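What the coordinates show
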Amino acid sequence: MVVVAIKKKCKKKHIPDSSASALKALTTAAIILPGMMPTVEAYENEVTIQYGHYEEEERDLYGMVNDGQVDGTLDLGAPVGIVPIKVDKLAKKKLPSPKPITVDSLFLQAKVSLSDRLKFTGNYSEDTWSGASPIATAPVGFGSNNLVQETVNGPVTGASPYLENPKPYFDAQYNPLRLDVNHPTAPKRIYSQDDQLVHTLAMASPETRKQGDFKLRYEFNEAAIDVGGGISIENDYESWFVNWGGSLDLNQKLTTLSFNQSYTNSTTSALLDHDAYQYFSTFAYKDQIEQGTPSVTLGESTHQTLFGEREDWSTTLGVTQVLSKSTLFEASMNYTNSSGYMENAYKAMYVFYIDPNQDPTKVPPGVLTGDTRAFLEQRPDERNQWSWGFRLVQHVAPLDAAINLNYRFSLDDWGINAHTIAMDWVQPLGRGWTVTPTVRYYSQDTADFYHPYLISKHAVGTEEENYNNISENNFSSDHRLSGYGALSGGVVLSKEFAKGLTLEAGFEYYTHEGSLKLGGDGEGSYADFNSYSANAAIKVDLSTVGRAISYGDHSHHMNHGTPAPAGVMFAHMLPKAGEVMVGYKYKYSRQAGDMLQGNDKIPDSDILNSTCGGGACYVAPDKMIMHMHMFNVMYAPTDWLNLMVMPTFVDMSMDMRDLAGMNNPNRVDDELGYAAVIHASHEHMTGGLGDTNLSALFKLYDNSAHHLHLGLGFSAPTGDVEIELRRTHGEDLGLIHYGMQIGSGTWDFTPNITYTGNSDKWSWGTQLSGIVRLESQNESGYRLGDKFQSTAWGSYNLLNWLSMSVRGVYTSQGALHGEYNDVHSPIGPMDSPESYGGEYYDLGFGINAMIPQGDLAGNSLSIEWIQPMEDDVNGYQLEREGTLSVNWGYMF
Amino acid sequence: MFTVFKLQITYRLLCILFISLGLSACSVAPWERGNLSKPQMALDSHPLQTGFRGHVYGSREATTGSTVGAGGGCGCY
């Protein structure tokens, strides 16, 4: 836990009103004189935690999602010579449009002064996204987005994310025609020109990206140099980067020159859409595609991976100039050279092959028919971008506000010229509040190689002939390369508390429209979309807190011996009224090894012969990993009561394997079995904001040797329980495995009672805790089992700063109640509600270090490994391997 | 030494440019910099928002600005 406890009686005096803040600013100016630029890095020791959410609204699909309500087989009795239209024999059920893209982000930052001149910044960030995004574009009359169908009585199966009619019609000028059949029982064909385009959307299963980076800065009197680097990891994209630069202050710091350079190296290893690569030509990339290891069950490879390498070199030069006592100006210039594979491996281009010499007896007069092929997009292998930015910051004296104007122009050799204009009005309101309305406009030109779709005036031929008959060398239908404008507006609200604690929240609404493009001529409205982003952050300025607290007061924390082991929650109470604590706890848990039934290891044949979620079992979990980040803010209004809020951020991944015996023809020929095997060849991931706990801790008894407190809390269902897997191989698995949903989905009651004691070098404690679900089911139709846990520990101080602990834990959790109420196809034991919960016995070994003096005084680090001793599971479950808990603390 | 000399020349040229644009400039004494040191006058007053929003723009717009070199991954969605 990042523990920052602050004592009220010795807090730094805060001057809230605006006249006082002017005084404060002058004082600050005096301290940093001569004339140092205002800088956001004023805090030398600071911890920041930020959570963000991005969500797009549904795109307009012009009624192309599952609106067909066709019953039975339809024979159109087509005119002579025209290929009859094959209408699906399956009745289609109207299903909701695919969920749009949502992204959950976590950002953690620590800034530390390693010495007077050497500053370190460490960042960790994580994004998880899921939902549907456009992969290609076609005329609406061709019927794209034939996404999901349901047989009359059978399971949900899916057609390909492809056109319903792969033999579309055009007029003699190659304009797309829409074919309507006016009455199904007495069919008559009507061809009409319809230029309306529509995206083909494809759904993506959740994916997580993680990034760690750092910056080291050395400050001279009138200059600074910095170096940094980091790595970003996704399943299909990995990049590492280094950067270096410096700044030089001139003329009593009225002018600052800056220089930055960076190098980024990125590798794409994209698992191609299993549905798509059967009809998306990958011809151009045949040397970059590798077949996966053959599946034992299927005797063939189930996946293809496209590899690509990319490099980016970027150089930025900047000058910042004080223009007057209330005006600041910045100009910057950037040049970026990118080379290598810059495509998005999931985007395709439809090419319609129209033979100009069609047999006139086979088509109505004035109508041409074509053939559809799709190709993975192809972008140039090099890109040079230049941009120039200008910023003016003007103090507005009557309101003591600042107006921040920013303009950037960028151009590149892909033909994309772009303008960005942004304005922020930063308005301090007094009492530490600042409100900042923001507005931004962006406009870009169309890339030279952007086309919604392509027409080739050739008869369709072999794959190679088709590829060679594409008139363009490069092509992409990614609407991010089209011409459009984007207008967004938002607000940022921040509040700085006296204790060096700042809360900040931001919101922005964003509109992307072809018609907003500067100078007109933007892409059609089919590519328009709206989105919003919201985020909240907490910043703790450790320097302010450090200055505010007298060191001698630390001792009160020692009254109750060493802190509880890292894995124990709700074990610590703030002893004095007015104290505030901010904490961070990280938990990693891992399951791998054998499948268990009760407490016995069982062979796969037992699972294969049982049922999973009411159906057959095909796969079993092989490894499951969970990372959980917990943050808490705790406040003591009185010395017997603590109030606490604890948001969490979670990500999980699961690897699966085919059950032994799956290569039985009955199983493999089963469509769901086939889809299950395909799914087992890649990892499933989820992530995002988890549930949020709100608790109150009541002190029941306290003296120097013994302490007893009661916790009463609630867990709010802020975590998602509606996460879905993408449909693959024509099979919609729907909602993901129960255990991979992020939250419980129900309001839960979380009581606990904790006793701690100490004598000389020994400390000990015990805790009983529980989770009681307060609702019978969540919005997905089930609820998790109630949970009870008891634990007891002892610890011994080896040195005055180092202690070790041993702990026993008993946990009992009930099975899942109810089941999913939406599309869900069980494929393994993790899809059975009865295969959750059980009784668990664990031993924990912990180490706890506290630094009593020196620069790092007040820091503590606790680590605990929880080793499973015995499992007695409900149903069939994967063995647990252990849990690691880490608390980092900063105590006052 | 030569570099510093060149920088001074550049600086003077900048000042001449700014003055010719009618901006009172280039001679703000340290004790006149109270406003400039206020947090709202920072070049980037909300770096957390800049980072978060920049990441969103970067995954939805074709120009990356100068975010290359700071990571951000593929944005392949």
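In this text, all values refer to a predicted model and were calculated from it rather than measured experimentally.

Scanning chain A from terminus to terminus reveals six helices and 43 strands. Per-residue burial over chain A gives 45% buried out of 892 residues.

What follows deals with the overall build of chain B. When its secondary structure is counted, chain B shows two helices and zero strands. Across the 77 residues of chain B, 51% fall into the buried class.

In an α-helix, one turn spans 3.6 residues; hence positions three or four apart end up facing the same way. Here helix H2 (residues 47–60) of chain B contains 14 residues, and its C-alpha end-to-end distance of 20 Å stays within 8% of the 20 Å for a straight helix at 1.5 Å per residue. For H2 of chain B, a buried count of 10 out of 14 residues is recorded, marking the element as mostly surrounded by other parts of the structure. The inward-facing, buried residues of H2 of chain B abut strand S1 (46–56), strand S2 (102–113), strand S24 (484–496), strand S25 (501–513) and strand S26 (529–541) of chain A.

This paragraph deals with the domain arrangement of chain A. Residue and element names in this part refer to chain A. Along its sequence, chain A is organised into domain 1 (29–66 + 99–133 + 203–242 + 252–286 + 311–541) and domain 2 (559–890). Spacing between the C-alpha centres of domain 1 and domain 2 amounts to 35 Å. Of all the elements in the fold, those that place two or more residues in the side of domain 1 that touches domain 2 are S1, S2, strand S3 (118–139), strand S9 (197–219) and S26. Examining the composition of the side of domain 1 that touches domain 2, we find that six residues originate from one element, S9, more than from any other. Across the side of domain 1 that touches domain 2, the residue classes break down as 10 nonpolar, six polar and five charged.

Take the nonpolar core next. Residue and element names in this part refer to chain A. Judged by nonpolar contacts, the single largest core of 75 residues is most densely connected at Tyr618, Val619, Leu659 and Ala676. Among the elements that make up this core, the one with the highest residue count is strand S29 (residues 619–638) (seven residues). Split by domain, the residues of this core number at least three in each of domain 1 (29–66 + 99–133 + 203–242 + 252–286 + 311–541) and domain 2 (559–890). Non-local contacts of leucine 659, meaning those with residues more than four positions away in its chain, are made with Asp604, Ile607, Leu608, Cys617, Tyr618, Val619 and Ala620. By size, the runner-up hydrophobic cluster in this structure holds 42 residues, among which are Val140, Tyr346, Met349 and Phe352.

Non-glycine residue asparagine 251 of chain A carries a positive phi angle of around 50°. Counting through the fold element by element, asparagine 251 of chain A comes out in the loop between strand S11 (237–250) and strand S12 (255–271).

Now for the pairing of strand S15 (residues 304–324) of chain A. Residues and elements named next belong to chain A. Pairing of S12 with S15, which is carried by 17 bridges, proceeds in the antiparallel orientation. Residue pairing across strands places threonine 256 opposite threonine 320, the latter belonging to S15. In this structure, strand S14 (residues 289–291) lies alongside S15, joined through three bridges in antiparallel fashion. Its bridge partner being in S15, glutamine 291 is matched across the sheet by glutamine 304. Relative to strand S16 (residues 327–340), S15 runs antiparallel, the two being bridged by 14 bridges. In the sheet register, threonine 316 faces S16, and the bridge partner there is asparagine 334. Hairpin connection of S15 to S16: two residues between the antiparallel strands.

Close reading of the predicted structure is inappropriate where its pLDDT is low. Looking at chain B as a whole, its pLDDT mean stands at 73, while 49% of the residues score no less than 70. For this predicted complex, the interface score ipTM comes out at 0.82, while the overall pTM is 0.83.

A word on the pairing of strand S19 (residues 382–396) of chain A. Residue and element names in this part refer to chain A. As judged from the 13 bridges shared by S16 and S19, these two strands associate in the antiparallel manner. Paired with serine 338 across the two strands is arginine 383, which belongs to S19. Of the pairings in the sheet, the one linking S19 to strand S20 (residues 401–412) comprises 12 bridges and is antiparallel in character. Across the sheet, residue leucine 392 finds its bridge partner in S20, namely leucine 405. Counting the residues between successive antiparallel strands, the hairpin from S19 to S20 contains four residues, one of them, aspartate 400, with a positive phi of roughly 50°.

Residues and elements named next belong to chain A. When pLDDT is averaged across chain A, the result is 84; 83% of the residues are at 70 or more. Here residues 25–42 scores under 50 on pLDDT; set against residues more than four positions off or in separate chains, the count is 32 contacts. Here residues 147–161 is a poorly scored stretch, pLDDT under 50, and it has 42 contacts once near neighbours within four places are set aside; other chains count.

Now for the environment of methionine 581 of chain A. All names here are of chain A. Structurally, methionine 581 is set in strand S27 (residues 580–598). In this structure methionine 581 comes out as buried when scored by C-beta crowding, with 24 C-beta atoms within 10 Å. Put simply, methionine 581 and alanine 636 are 55 residues apart on the chain and 8.9 Å apart in space, counted from C-alpha to C-alpha.

Here the focus is the environment of proline 826 of chain A. Residues and elements named next belong to chain A. Along the chain, the position of proline 826 falls in the loop between strand S41 (817–818) and strand S42 (838–850). Look at proline 826 and you get buried, because 25 C-beta atoms sit within 10 Å. Apart from the residues within four sequence positions on either side, proline 826 is in contact with Cys612, Gly613, Gly614, Gly615, Asp831 and Ser832.

Definitions and cut-offs
- Residues numbered from 1 in each chain as written.
- Chains lettered and ligands numbered in written order.
- Predicted model: local features only at pLDDT ≥ 70, side-chain atom pairs only at ≥ 80, totals over all residues.
- Helix = DSSP H or I, 4+ residues; strand = E, 2+ residues; numbered from the N terminus.
- Buried ≥ 20, exposed ≤ 12 C-beta atoms within 10 Å, placed from the backbone.
- Expected span 1.5 Å × (residues − 1).
- Contact = placed C-beta atoms within 7 Å.
- Domains from an automatic or database assignment.
- Nonpolar A, V, L, I, M, F, W, Y, C, P; charged D, E, K, R; others polar.
- Core = buried A, V, L, I, M, F, W, Y, C linked by C-beta atoms within 7 Å.
- Pairing = 2+ DSSP bridges.
- pLDDT = per-residue confidence, 0-100.

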